[in-house]
Each structure stands twice: as structure tokens, then as C-alpha cells.
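# Topology and contacts: notes
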Amino acid sequence: MAYNLTDFGGVGDGRAVNTRAFERAVETVSAFADQGGAQLNVPPGRWLTGPFNLTSHMTLFLAEGAEILGITDEKDWPLMPALPSYGYGRERKGPRFCSLIHGQNLKDVVITGHNGSINGQGEVWWLKHRRRMLKNTRPPLVQLMWSKDIVITNITLRNSPFWHFHPYDCTNVTVSDVTILAPISGAPNTDGIDPDSCEDVLIENCYISVGDDAIAIKSGWDQYGIAYGRPSSNILIRNVTVRSLVSAGISIGSEMSGGVANVTVKNVRIWDSRRGVRIKTAIGRGGYIRNISYSNITFDNVRAAIVIKVDYNEHADDGYDRNAFPDITGISFKKIHGWGVRVPVRAHGSNYIPIKDITFQDMSVGISYKKKHIFQCSYIEGRVIGSVFPKPCENLDVYDEQGQLLKSGAVLNSTEVDYDI
């Protein structure tokens, strides 16, 4: 069964408010759950709306030329309780603004179309955030919580007030052929896709250019994430092109207190970015980052290609456990190439958070910075296999292509740092 938004009084002139039309449409669709669900079509036009909820067994279909627009007055955005694994909204204590398109405890939800778009009109939110005019955390564009069997495909997300797509504690999530756009500067915290305490996630064939991390894998913040205890695991990211002038193309953390494991990142191009791939954590996070594989990654004009940082000391509050040390182990980089890179690797563990079992294999990165120590390491243990350029740090064991040990790594737990990245 399929319905059009106009069946429920929707007006796509960019001025009429369609919140009630969306609510009536979703209520009608929900009646078909036992019959396999139904589809809501959003025709060509500009459909201004406040936040609304989806329902299970629903397809939201955006036609070519259809644009859902988030209303800009914060009074029209309901408040929600803080995420349990974060302790509070994320930017502010207390409740947080609801996402524009929202859902909880859902099953079998599809958001698709002929490349229609969902536009958060975030400019007003970004300005208020910079001026510290907001008392609550800004809203994501699309947030689905405690849900499973989610598909988002063939649409454009743009100009979210905060993170663009935030699946939270979800299972079996697919994001395919999606474009996500926000200004590359002046649009704070506009992450593209943030799987958060999610399992079985596929992100593929996407183009993301935003004002923060293009993709960031998370699992809760400090003591709240440890108590919630829900890891992000079994995540595949492939065939994507990303850009982040402010932050990183693909990040893990910094909120990873529930753990992150079994992540595969392959066939990725990262261009015109401050950082390429980044792992970030700190004392107090606890949890683990393990079994992470990067392969066939291309960096094009990236300031720092590979970054592992363990002193990302942004905390929810002072109640975090000073003895909660995250475990970082089993990180591999293979077929890593690029040009115009200032620092190819900066992997700094610490005495409390060493980086263990890291591998670099088949790496050739053209550099734009000629000083020594461009391959920077400390408190790190692992290996180099075969050809790696530029010259890797002395901390790592060196093997030939046949797996024969050529040279054991030195114990070097400090290195000259040429500049701040």
C-alpha cells in the first residue's frame, strides 16, 4: 500500500508547515504493519516540517525534486531525555532536542527515493551554538534508536543542525548510495554517519563532505558508556569518498566506552581533509578498540593520514574513572597510498594506553613535508611487512614479504613532534 503526503493535507511550497501531515500519514501507515507495511511518498516540492516519528514496516520515499525541510524555530523541536550511554545531551547537561526524523524500537524501516533530500537548515543552529545561545544539545537530522533492519539509500542528507544520521543501539543497518553535505567549515559537529553502539552495519557507495567527521564509530561516553555496555561491532565501510577539512574522514571514538570491534574499512578515498583515518580515546573511556582493518585507502591532500590519539580529554563530567584505561589492539593497515600528505602516521599511545599489535603493509604515501619524524610513534608495538614508504618509525619490527623477521623494533616511547595536528 502506498500513500502520498498530499493525501494528508501536505503542501510542498516551502512555507506551509507539514508536521501534522507527516504525523497523520505515519499513523495511517502503522495500521498496515501486520500486512507487511506501507509506503509514504513525498512528491516533488519543499516540505517544511517539525520533527516527526517513523513507524515499523514503513518506507519513506522521496521523489526526485522532493526536499524535506527542518523548521528553524527551536520552539517547534521537542526535547528528549539524555542518551543513557552519554549521561546527558552531549553538548549540554539535561535533555536534548529530538531529531527531525526519529524512531525508537522499530523494525524494518526504509528511507529511500530518487535522490530526494532531507535538509536540516542547520545554519541557524550553528550560529546559536557558536554564540552559546542554546540550553540543550542540538538535534540530529535522522536518529533511529533501539531498532533493527534499517535501510537508508538513494537520498541526500544536508545541513543537519548536529550529526546527520545517528543510529543508536541498532542492529542490521545499511546505508548505501547516500550523499551527505554540509559546509566544510562553520558547521560544527555535523558528522555524516555515526553508528553508536550498533551491530552489523554496512556503509557503502556514499559521498560525504561535512563540517566534522564524515563517519565516526562510537559506543558511549566514559562511565555512562561503560555502564551501558553496548559495543559497536561488525561494521563494514567500503567504496566511499569522504572529506573533512576540520576533523577526520573516518574516526573511531572518542566516545567508545562500550567497546568497538571487528571494523573493516576498504576502498576509501579521503581528500582535502585535516586527518584521514583517526582513532581517538583517553583515560576514563575504558572499553576497547580491537580487530580494526583498513585496506586500499587513498589519501589525497590530507594533512595527517593515520592518527591514533589517546589523550582526547573531553569528558562528560568529573565522575569518570581515572583507572578506566581503554585497550587498543589488533589494528592493521594494508595497501595505503596517497599524495600531498604532510604526516603519514602519527600513532601515540601512552604508558597507560599502549597501542598493541599494529601492522603496516604495502604503504606508499607521497609526502609534502620534508623534515624527519614524519612517521611518528610512541608506546606502540607491532610490525612493518614488506615495502612501506616513507621510512617507518624504529618502534616496529620489520618483516619481508615472506614473513621473515629482518629487524626487531626498538623501545622508543617518545618522538619529536614537528607540529600540532
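Structure: see above.
Read on for an overview of the structure. (Residues numbered from 1 in each chain as written. Predicted model: local features only at pLDDT ≥ 70, side-chain atom pairs only at ≥ 80, totals over all residues. Heavy atoms only, no water.)

### Section: the overall build of the protein
- Within the protein one finds three helices and 32 strands.
- The C-alpha atoms of the protein give 22 Å as radius of gyration, which agrees with the globular expectation for 421 residues (22 Å, within 12%).
- The dimensions of the protein, computed from C-alpha atoms along their principal axes, are 70 × 40 × 40 Å.
- Of the contacts formed within the protein by residues at least 6 apart in sequence, a portion of 75% connects residues at least 24 apart.
- Just so you have it, the protein exposes about 15,900 Å², and 47% of that area is on carbon and sulfur atoms. (Helix = DSSP H or I, 4+ residues; strand = E, 2+ residues; numbered from the N terminus. Rg over C-alpha atoms; globule rule 2.2 N^0.38 Å. Contact = heavy atoms within 4.5 Å. Areas by Shrake-Rupley, 256 points an atom, 1.4 Å probe, with all protein chains shown as cover.)

### What to know about empty space enclosed by the protein
- Tallied over the entire structure, the rule returns one cavity of 30 Å³ or more.
- Contributing to the lining of the largest cavity are Leu83, Gly89, Arg90, Arg96, Phe97, Thr137, Arg138, Pro140, Gln143, Phe162, Trp163 and His166.
- For the lining of the largest cavity, the residue count by class is five nonpolar, four polar and three charged. (1 Å grid on protein atoms, 1.4 Å probe; cavity = no way out; pocket = protein on both sides within 12 Å on 5 of 7 lines; lining within 4 Å. Points joined across faces, edges and corners; volume = space filled by probe spheres on them. Nonpolar A, V, L, I, M, F, W, Y, C, P; charged D, E, K, R; others polar.)

### Observations concerning the state of the cysteines
- Scanning all chains against the criterion turns up one disulfide.
- Looking at Cys98, it has no disulfide partner, and the nearest cysteine sulfur is the one in Cys170, 14 Å off.
- Cys198 carries a free sulfur, and the closest cysteine sulfur to it, the one in Cys170, is 4.8 Å from it.
- On the basis of relative accessible area, Cys198 is assigned to the buried category, the value being 0%. (Disulfide = S-S within 2.5 Å. Buried < 20%, exposed > 50% of the residue type's maximum accessible area, 1.4 Å probe, protein only.)

### Regarding the sheet that holds strand S10 (residues 101-104)
- Spatially, four strands are ordered S5-S10-S13-S16 in an open sheet, and the strand pairing comes out parallel. Single-partner strands in this sheet number two, and they are strand S5 (52-53) and strand S16 (165-168).
- Here S5 runs beside S10; their pairing, made up of two bridges, is parallel. The residue of S10 that forms the bridge with Asn53 is His102. (Pairing = 2+ DSSP bridges.)

### Focus on helix H2 (residues 123-130)
- Those residues of H2 that fall on the buried side of the exposure criterion are Trp125, Trp126 and Lys128. End-on, the buried residues of H2 take up no more than an arc of 165 degrees, which puts them together on one face.
- Looking at the buried residues of H2, the elements they touch are strand S9 (96-97). (Arc of directions from axis to C-beta.)

### A short note on the nonpolar core
- Ile118 and Phe360 are the most contacted members of the largest nonpolar core, which totals 104 residues.
- For this core, the leading source of residues is strand S25 (residues 288-309), giving nine residues.
- Membership of the second largest hydrophobic core comes to eleven residues, among which are Tyr88, Cys98, Trp221 and Ala316. (Core = buried A, V, L, I, M, F, W, Y, C linked by side-chain atoms within 4.5 Å.)

### Focus: the side chain of Asp194
- Secondary-structure assignment places Asp194 in the loop between strand S18 (179-181) and strand S19 (199-204).
- Within the structure, Asp194 has its side chain in polar contact with the backbone nitrogen of Ala216 (distance 3.5 Å).
- Beyond its immediate sequence surroundings of up to four residues, Asp194 is in contact with Trp163, Phe165, His166, Pro167, Ile215, Ala216 and Lys218. (Polar contact = N/O pair within 3.5 Å; in protein donor to acceptor, adjacent residues only side chain to side chain.)

### Examining the pairing of strand S29 (residues 375-378)
- The side-chain alternation of S29 yields two buried faces, one formed by Phe375 and Cys377 and the other by Gln376 and Ser378.
- Both strand S27 (residues 343-348) and S29 contribute to a ladder of four bridges, which runs parallel. Bridging from a neighbouring strand, Val345 pairs with Phe375 of S29.

### Observations concerning the environment of Arg230
- Its location among the elements puts Arg230 in the loop between helix H3 (222-228) and strand S22 (232-244).
- For Arg230 and Val260, which are 30 residues apart along the polypeptide, the C-alpha to C-alpha distance reads 9.3 Å.
- Among all residues touching Arg230, those that are not within four sequence positions of it are Asp169, Cys170, Thr171, Ser197, Glu199, Ser219 and Gly258.
- One polar contact links Arg230 to Asp169, side chain to side chain, over a distance of 2.6 Å.
- Only 3.4 Å separates the side chain of Arg230 from the side chain of Thr171, close enough to count as a polar contact.

### Section: the pattern of salt bridges
- According to the stated counting rule, one finds 20 salt bridges in the structure shown.
- Residues Arg138 and Glu91 are paired through a salt bridge, measuring 2.4 Å at the closest nitrogen-oxygen approach. Residue Arg138 is located in the loop between H2 and strand S13 (142-145), and its partner Glu91 is located in the loop between strand S8 (79-80) and S9; the two are separated by 47 residues in the primary sequence.
- The class of Arg138 is buried, set by a relative accessible area of 1%. (Salt bridge = Lys/Arg side-chain N within 4 Å of Asp/Glu carboxyl O.)

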